[in-house]
Amino acid sequence: MDRFVSLVGDPHIGVFTRVFDDIAVVPPDAPEEFVARYEEALKVIVVRTTIQRSPIIGSLLAGNKHGLVITGMATRDEIDTLSEYRDLMLLEEGMNAAGNIILANDHFAAVHPDIDEELMDALSDFLKVPVIPLTLGDVKTIGMAAVATNTGIVVNPRSTLAEIQALEQVCDLPVGKGSVSMGNAMVGTGLVANCHGYLAGDGTSGYELARIEDILGFEEE
């Protein structure tokens, strides 16, 4: 199966979409061919919506099987749409681009290191996982510096040993360095994945795909 995809020519699919094991959230105007690729590769129900009237879903949405975290500036229609699939937690103050500042799966969440302890505790209670503050390669927008599924975590290639060990201590999953689109270190901007499969932005090299497959536990096709 071809693992490359773009959204109207843009390879930053992780900025515009957010994928879980059962659903993928995409902008309302995503082409049918793009949606079909997600359904085939990731075995998901595709949910069309904006968040905060914006198409940058991946930057504004995070979560796991227990719930979704979104900006408190989401509209009532957006909240109603997403509420059909998960409980919602709205970030009402401060940093609220949830997809940029939260990296989560069903086992853990890592967050922007400037998030206060009270919010980390609230996120832990809501997502039902331990939450740690973390950078990856000194990047604070951790949600775009990595991709975490329930089978592995692909991290910014500049991530330090200490950062990787912090992830390994909070979850019993393979953690490995990877990139997309011929060296883009912000792997979360150009990779979407779940337990069923993955898609990478156009321009990702064969070597990069092999690394992604190895870390996430997929056999090369």
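Structural notes, computed from the coordinates. (Residues numbered from 1 in each chain as written. Predicted model: local features only at pLDDT ≥ 70, side-chain atom pairs only at ≥ 80, totals over all residues. Heavy atoms only, no water.)

A short note on the pattern of salt bridges
What counts, and what does not: Salt bridge, as applied in this entry: a Lys or Arg side-chain nitrogen positioned within 4 Å of an Asp or Glu carboxyl oxygen. Think of it this way: any DSSP run of H or I at least four residues long counts as a helix, any run of E at least two long counts as a strand, and we number them from the N terminus.
Inspection of the entire model under this criterion finds five salt bridges. Notably, a salt bridge pairs Asp22 with Arg86, separated by 2.8 Å at the nearest N-O pair. Of the two residues, Asp22 sits in the loop between strand S2 (18-19) and strand S3 (23-26) while Arg86 sits in the loop between helix H4 (76-83) and strand S7 (87-91), which places them 64 residues apart along the sequence. Close ionic contact of Asp214 with Arg211 constitutes a salt bridge, the shortest N to O distance being 3.9 Å. Taken as a pair, Asp214 and Arg211 lie in helix H9 (residues 206-216) at a separation of three residues, close to a single helical turn.

So, the packing of aromatic side chains
Where we set the bar: For Phe, Tyr and Trp, rings pair up if their centres lie within 6.5 Å, where Trp contributes its six-membered ring, and each pair is then called stacked (planes under 30 degrees apart), edge-to-face (over 60) or tilted (otherwise). Note on classification: 1.4 Å probe, protein chains only; a residue is buried when its accessible area is under 20% of the maximum for its type, exposed when over 50%, partly exposed between these limits. To sit over a ring, a charge needs its Lys NZ or Arg CZ within 6 Å of the ring centre and within 35 degrees of the ring normal.
All told, the structure shown has two aromatic pairs when counted by the stated rule. Relative to Tyr38, the ring of Phe34 lies with its centre 4.6 Å away and its plane at 35 degrees, an arrangement referred to as tilted. With Phe34 and Tyr38 both in helix H2 (residues 32-42), this residue pair falls four residues apart, about one helical turn. By relative accessible area, Phe34 is classed as buried at 4%. The residue whose ring lies beneath Arg86 is Phe20, and the NZ or CZ to ring-centre distance is 5.4 Å.

Notes on the sheet that holds strand S14 (residues 191-193)
Selection criterion: A strand pair is defined by DSSP finding two or more bridges across the two strands. By the convention used here, residues are in contact when the closest approach between their heavy atoms is within 4.5 Å. For helices, the axis comes from a line fit to the C-alpha atoms of the stretch in contact; other axes are also lines fit to C-alpha atoms, and the angle between any two N-to-C directions lies between 0 and 180 degrees.
Reading across from one edge, S1-S15-S14 is the order of the three strands in this open sheet, with mixed pairing throughout. Two strands bound the open sheet, and with one partner strand each, they are strand S1 (4-5) and S14. Both S14 and strand S15 (residues 198-201) contribute to a ladder of three bridges, which runs antiparallel. Of the residues in S15, the one forming a bridge with Ala193 is Tyr198. Contacting S1, S14 and S15, H2 runs over the sheet at an angle of about 140 degrees to S15. With respect to the sheet, H9 is in contact with S1, S14 and S15, its orientation differing from that of S15 by roughly 150 degrees.

Quick look at the sheet that holds strand S6 (residues 67-71)
Overall, mixed pairing links the three strands, which are arranged S5-S6-S7 in an open sheet. Bordering the open sheet on either side are strand S5 (61-64) and S7, each of which pairs with just one other strand. Direction aside, neighbouring strands of the sheet carry axes that sit 20 degrees apart on average. Relative to S7, S6 runs parallel, the two sharing five bridges. When the sheet's bridge partners are listed, Leu68 is paired in S7 with Leu88.

Some thoughts on the pairing of S15
Bridge analysis of S1 against S15 gives two bridges, and the strand direction is parallel. Across the sheet, Phe4 pairs through a bridge with Ala200, a residue of S15. Linking S14 to S15, which pair antiparallel, is a turn of four residues.

Keep in mind these numbers describe shape, not what the thing actually does.
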